[in-house]
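# Coordinate analysis (summary)
Chain residues, written in single-letter form:
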Number of protein chains: 2
Amino acid sequence: MRSDENWLVRRTAADSDRLGETESVFALSNGWVGWRGTLDEGEPYGMSGSYLNGFHEQRELSYPENGYAFPQRSDTVVSAPNAALIRLWVGGDALDLRTGTLRAHERVLDLGAGVVRRDTEWISPGGHGVRVRSTRLVSLPRHAIAAVRYEVEPLGDAPVELRLCSDVQANERVPERHDPRAASVIRDPLNAEAHRCDGGSGVLLHRTDRSAQRVAVAVTHEAEIPEGFATSDDCTPDRLRMCVEGRLRPGHRLRITKYAAHECTPVDGMAANELADLVVAEADAAREHGFDALLADQRGALDGHWQTADVELDGDPELQQAIRFAVFHLLQAGRAEGDRTIPAKGLTGNGYDGHVLWDTEGYVLPVLTYLAPEVTRSALRWRHAHLPEARERAVELRLPGATFPWRTISGRECSGYWPAGTAALHVNADIADAVLRYVAATRDDDLLAGVGLELLVATARLWHGFGYFSDEGAFHITGVTGPDEYAALVDDNLFTNVMARRNLLGAADAAERHPGRAEELGVNQAEIAGWRSAADAVYVPYDRKRGVHQQAAGFTEQPEWDFAALTEDDYPLLLHFPYLELYRKQVVKQADLVLAMQRCPGEFTAEEKRRNFAYYQARTVRDSSLSAASQAVLAAEIGHLDLAYDLFAEAALHDLADLGDKTSDGLHLAALAGAWTAVVEGFGGLRDQRGELCFDPRLPARLDRLAFGLRWRGQRLRVTLTRDEARYELPDAAPEVEVTLRHAGEPVTVTGRTAVTRPMPPVPDPGPEPPSPAGRRPARRA
Amino acid sequence: MRSDENWLVRRTAADSDRLGETESVFALSNGWVGWRGTLDEGEPYGMSGSYLNGFHEQRELSYPENGYAFPQRSDTVVSAPNAALIRLWVGGDALDLRTGTLRAHERVLDLGAGVVRRDTEWISPGGHGVRVRSTRLVSLPRHAIAAVRYEVEPLGDAPVELRLCSDVQANERVPERHDPRAASVIRDPLNAEAHRCDGGSGVLLHRTDRSAQRVAVAVTHEAEIPEGFATSDDCTPDRLRMCVEGRLRPGHRLRITKYAAHECTPVDGMAANELADLVVAEADAAREHGFDALLADQRGALDGHWQTADVELDGDPELQQAIRFAVFHLLQAGRAEGDRTIPAKGLTGNGYDGHVLWDTEGYVLPVLTYLAPEVTRSALRWRHAHLPEARERAVELRLPGATFPWRTISGRECSGYWPAGTAALHVNADIADAVLRYVAATRDDDLLAGVGLELLVATARLWHGFGYFSDEGAFHITGVTGPDEYAALVDDNLFTNVMARRNLLGAADAAERHPGRAEELGVNQAEIAGWRSAADAVYVPYDRKRGVHQQAAGFTEQPEWDFAALTEDDYPLLLHFPYLELYRKQVVKQADLVLAMQRCPGEFTAEEKRRNFAYYQARTVRDSSLSAASQAVLAAEIGHLDLAYDLFAEAALHDLADLGDKTSDGLHLAALAGAWTAVVEGFGGLRDQRGELCFDPRLPARLDRLAFGLRWRGQRLRVTLTRDEARYELPDAAPEVEVTLRHAGEPVTVTGRTAVTRPMPPVPDPGPEPPSPAGRRPARRA
């Protein structure tokens, strides 16, 4: 099991023009260390990168026209010293796939084993053939550890002269790009503090200037060295190099196993030598444990995950692979220990400067809440740890409560374009929503009473102070930016408003549930009553004439966008049209009102959803990878199953097929999360309705069977859909365990004793598929 | 006449902490060359500057988050080589007012003579006394020429050793400031191409890198040198230095007169040696003409101006001086020849990077149209010369017609914050308005048929394509920024809408008046009909409940600003509050709806003006120097004469008293223009009502008599107001000349034969003065 083709992602020599993309796709991570899937030998590369969660440098931001509270510094992810490198010279020629003759070349990401394997047969320019195999892992159980096993054999009948060097390289060059969505580049961000190496082991110690962080990488090796091979070390402040050199005879093998340990701390958090000692000990312990044991641990950890998380799509092998790929990257992106969060690109690339965006709470955590709730808890605790910075920012903005950053690593606001950053206050409601969703799914009352309540209260205070009551008694939130980035500084963005309502009510409920803690936070009855009255009065913009909700006040009265006048080259629109045009017209970058219908389904009737979906589908261009999945969920709910399936495919293939041409900067974790969401919320019809677990499943025509699992209040629930029936079971539960859920609106109780089977509900007839903007319907697949 | 105290602005040693401000106040200009009023010896200084109209360098703009069509380069004014410098050493000590003993020191700006005079008695640290007198002018008739006469006499009984050097210095250091409204600094922008000097004459030739402009400055001298003095030259690529040295006996005088000529051209516009020869010839010609002749010419040119432009305020000597100061700077800022425009700070400083903003067409040209219409014509021709860049920008923005830059020197958009730059499309209507106002005042049909029509058509096309008709048939202009910079990206900014209407109708009328020219521009009947139907349908936002117009749609429903919570230190608000707060609340930086009532008086009834004024007065903080005058005009019209007078005083004293603490960067020409506007449109009640000249005068209580003049269709009209009557006369007109105007709504015909006198109309009783925001009422004076 978990070894057939659907568990493997392959790249061969034919993919050599997809270097950067492959590096992202093959990135390995454990939520603390992330290694991009660069070739062992480091060349050719798209972009190297070895990232530690939270490790960054700062750079100055400068504005042609500065403004009050514009952030003056930004965090930027920088690569830790890269310990993945193993360079090989064959008869004096460096192994480089661009030279010599490539007889065979394949790399495989094994989603079940959690490794990247490589198998290359190469004839050097000098005519010497070698077979190179390697296996790389970033250890899920051991946070600091990554390891590589690397083997070389002669291909021909003659012995070959080999030189193999295992490197750790600091301050590798990062290519500069000129796209607003790419990373800014800081040259040589790491300042050497110490280096040592001895007998195949070594450590590099560096620090950053402005963020004042220290990073240490230690390596140690096991070598199966044929007789006659010599070893040597060559270490400089920015590079450890440990080499073996000699003549390898046919039938013999050179095998090196490299164990690397990574740590970073604030400079004032741990002394340099202590940190160096720590990584050395971690690397040594890993070597002692042994590579085979690391491989076994890795599979064991993944088996545990897959048991819950596997999604089975019978009938579409390509998307079967894609959904497993998506879930694999989600699972390895987070970490339960250490109160760490997940940046928008995880630890797979430096896109968006390595920043954490609302993607985390808005898209990724709602999935991990059901697959690995301990990771969600860790990420929520990370947000709470940065509540002081969010409070400071609110003071600076002259607002009450807290305002969390639109983008950050350190916890401080790093957004350099305030209309789409500071003004996007909904991130605060997204965080509150993630708390509430997590608590509903886990009943983790400790978290609620602790960090949860504090997050809910601080954000509720923001909304209560930011919004205002009109003379007519409605509660308005004006001058903000919602999810759709082709609009900005709007009044009463519907998504923001209904999420703020959820935030206010959630804070009120939680404060009443934990009155002692609430009192410590200065919450009294009057404040709670104020939150509830604001929530009750939240304005929900609706266009009576057109019979649809408005994305924001007045949206449906704006001029229409002339989609028919555009060609494919005009997309993404943000690279070809000014905000001046985009903002004032009815063109939607990404699901916004549709996202509101997904997140807050109880706010809309079925008929409203049908009409709203059709209206916004016709105006949404999906220039953001965040969009397709939400549209898929609503399309499925309404009954447009073919459209839903095509939108799901777009989300699922976003990175595997590099649909956005940006995968080289790192994976889009929110799009990957969206693939799961499209399946489980879309076809599974999962909704959290005021804490109740609801399913309203629909099997798309393309599939014969669909199965998925999730964790709900400590239980593992497995859901299997076929053409005729839906089956709900608790495979691990004791017989007396009961879980109550709803199937198509009807209460169903599943026990550890018996699975429950129900007929699939009829799919509503939604009429013809609503049009997408000209040329922007997702590719037909269903 | 024109020599009493009200014609003089004095600064003494007591003002030594107001160096930068004094340099701006004492700046001399002829619209082509501008010399800041730095001390002759160059030290101490606030900021040196010698500016040539249009001479600039470019710098890169970079954005933390770039966007489509964000300008990537900006123009920045740079100083030409500074030829004003005359350095003196007395017994080896450099004359420096910070050293030695200052027995007496006074500098005077003479508004009638157009010169700055200086008289200093100084005892050097070594104990040698000298009296230094100088007179400086920038020649109004000779565009390239500035000149200084400099005299030294011993104060005591003993001879003194003197060394006097007349310098021309390129690449002087400019102090860096950290205010978004200050200039960016380019170090050493001038690259030396050639220098030569010989026998007291010399020339420096430089060029800029990126803007590819060449600048040449030549100087020549007349020296009255006592016997025994030696002369020497010392010239380097960045500095000409011509010195005399010797022992000056009591009763004798050293006198140097320096003539400087300035030119700049595009590098490909004129060969270097040609340009050098040109300035040398110009300097030589000026010397030949002689300093006394230059002085006489200067007074003659100013006499011609003052005859029309003088404003007499009997009863308030301080404001009498201030209004003359304002008019003087307006008159010397522009130039009839060469199709030059007037930057926001004229040629008096480098504030706003030396950019031309809407201040020119919005505030300065409406005044010069009546005082020096040939200057307005020149500035309108300058706009027309940059129509190609405005068309290119429209193409980039995917808009029809032309979009003129928000700020520029070269004609290309240089705004680095698009919500308050690119989005402020009203600049296009302001340009159209300046054309229409000029044509109404001058009947210059040639200009209308030529550059005027082309400007009107290009801007009308923008509005017609940018706006749209709602289902209800109203024409809306959405997603733009109006004059008030504490709002942005609003819908239906009332000022923008009514100015766009004026633009559309003006274009239609002009096209029908010049059908042949219109046809050449591709205008047909259908297009004209389209403009008229858009103009007829322009939406004018009005709040029925409150009975006031809205600055923009929804403005009056926004939350109120809590002015009572603020202290004086919170102003200007833009330095203490984020746009996030400013934009979404009812706080107004500067007259916007009030400006609409000033510019388009026929759009509002008297009662609407009264109610609107009260509403917006209570919410307008005047954090912009553009505001007070417009508020004064409306306050006067409505009958709040004391408030109007206090607002007028604020505009008039803005730079003389440095009310905004920014005068050191250069004078605020729009505020100076506002001083005249407050008098003539406010107390004189002047309005251009569809081309008809109307007066509805009110004499403020503080004044016994008020007189002003203006040019109207080739005639000089003089208006004199006393408590009882208004007098209209045409002092220069032939007897048969007739001008028809309205006095308090009644038609009046003035002829060259007879003045007309009418009783002052009664001032309406507007009730109590409307409140200003707490702490923001202008200082009481009336």
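As shown above, the structure is provided for reference.
All values derive from a computational prediction rather than experimental measurement.

The subject of this paragraph is the pattern of salt bridges. This structure, assessed with the given rule, holds 152 salt bridges over all chains. The partner of B:Glu581 in a salt bridge is B:Lys585, and the shortest N-O contact between them spans 2.8 Å. Neither B:Glu581 nor B:Lys585 differs from the other in exposure class; each is buried. Look at the salt bridges and you will find they share partners, linking A:Arg133, A:Glu151, A:Glu153, A:Glu224, A:Arg253 and A:Arg255 into a network.

Take the state of the cysteines next. Residues and elements named next belong to chain A. Applying the stated criterion across every chain, the model contains 4 disulfides over all chains. Linked covalently through their sulfurs, Cys165 and Cys243 form a disulfide whose S-S length is 2.2 Å. On the sign convention where negative means left-handed, the S-S torsion of about 110 degrees between Cys165 and Cys243 marks this disulfide as right-handed. Of this pair, Cys165 sits in strand E13 (residues 160-169) while Cys243 sits in strand E18 (residues 239-248); the two residues are 78 residues apart in sequence, bridging distant segments of the chain. For Cys165, a relative accessible area of 0% gives the class buried. Cys197 shares a disulfide with Cys235; S-S distance 1.9 Å. One disulfide, between Cys197 and Cys235, carries an S-S torsion of 115 degrees and so falls in the right-handed class. Separated by 38 residues along the polypeptide, Cys197 in strand E14 (residues 191-198) and Cys235 in the loop between strand E17 (230-233) and E18 bring together distant segments of the chain.

If you walk across this open sheet you meet the 3 strands as E2-E3-E4 (chain B), and the pairing is antiparallel. Of all the strands in the sheet, the pair left with one neighbour each is strand E2 (28-29) and strand E4 (50-52) of chain B.

The subject of this paragraph is helix H9 (residues 445-466) of chain A. Roughly 50 degrees is the biggest bend found in H9(A), and it falls at A:Gly452. Among the 22 residues of H9(A), 16 are classified as buried, and the element is accordingly described as predominantly covered.

Residue and element names in this part refer to chain A. Running from N to C, helix H6 (residues 373-385) and helix H7 (residues 387-396) point in directions that differ by 45 degrees, and their axes come no closer than 5 Å. On the basis of their axis angle, the class for H6 and H7 is oblique. Judged by residue contacts, Arg383, His384 and Ala385 of H6 engage Leu387, Pro388 and Glu389 from H7. Each residue belonging to the contact of H6 with H7 can be placed in one class, and the counts come to 3 nonpolar, 1 polar and 2 charged.

Enumeration according to the criterion identifies 42 aromatic pairs over all chains in this entry. A ring pair is formed by B:Trp561 and B:Phe577, whose centres lie 4.9 Å apart and whose planes are at 75 degrees; its orientation type is edge-to-face. Of this pair, B:Trp561 sits in the loop between strand E24 (548-549) and helix H13 (579-583) while B:Phe577 is found in the loop between E24 and H13, placing the two residues 16 residues apart along the sequence. Neither residue differs from the other here; B:Trp561 and B:Phe577 are each classed as buried. With a centroid separation of 5.2 Å and an interplanar angle of 65 degrees, the aromatic rings of B:Tyr615 and B:Tyr616 are classed as edge-to-face. An aromatic cluster is defined as three or more aromatic residues linked by ring pairs; in this entry it consists of A:Tyr63, A:Phe70, A:Trp418, B:Tyr417, B:Tyr579 and B:Tyr583. Note that A:Arg398 overlies the ring of B:Phe577, its terminal NZ or CZ placed 3.9 Å from the centroid. When the ring centre of A:Phe466 is taken as reference, the NZ or CZ atom of B:Arg584 above it lies at 3.3 Å.

Below, the discussion takes up the packing of helix H5 (residues 359-371) of chain A against helix H18 (residues 669-683) of chain A. Residue and element names in this part refer to chain A. Contact pair H5 / H18: the axes reach a minimum separation of 9 Å and the direction vectors enclose 45 degrees. The pairing of H5 with H18 is recorded here as oblique in orientation. Read as a crossing pair, H5 and H18 show a hand that is left-handed. Contact residues: Asp359, Tyr363, Val364, Val367, Tyr370 and Leu371 in H5; Leu669, Ala670, Ala673, Trp676 and Thr677 in H18. Looking at side-chain class alone, the contact of H5 with H18 contains 9 nonpolar, 1 polar and 1 charged residues.

Criteria and thresholds
Residues numbered from 1 in each chain as written. Chains lettered and ligands numbered in written order. Predicted model: local features only at pLDDT ≥ 70, side-chain atom pairs only at ≥ 80, totals over all residues. Heavy atoms only, no water. Salt bridge = Lys/Arg side-chain N within 4 Å of Asp/Glu carboxyl O. Buried < 20%, exposed > 50% of the residue type's maximum accessible area, 1.4 Å probe, protein only. Disulfide = S-S within 2.5 Å. Helix = DSSP H or I, 4+ residues; strand = E, 2+ residues; numbered from the N terminus. Pairing = 2+ DSSP bridges. Bend = angle between axes of the 7 residues up to and from the residue. Axes fitted to C-alpha atoms, helices over the stretch in contact; angles between N-to-C directions. Parallel < 35°, antiparallel > 145°, perpendicular 65-115°, else oblique. Contact = heavy atoms within 4.5 Å. Nonpolar A, V, L, I, M, F, W, Y, C, P; charged D, E, K, R; others polar. Phe/Tyr/Trp six-rings, centres within 6.5 Å; stacked < 30°, edge-to-face > 60°. Lys NZ or Arg CZ within 6 Å of the ring centre and 35° of its normal. Left-handed = near helix turned anticlockwise from the far one by under 90°.

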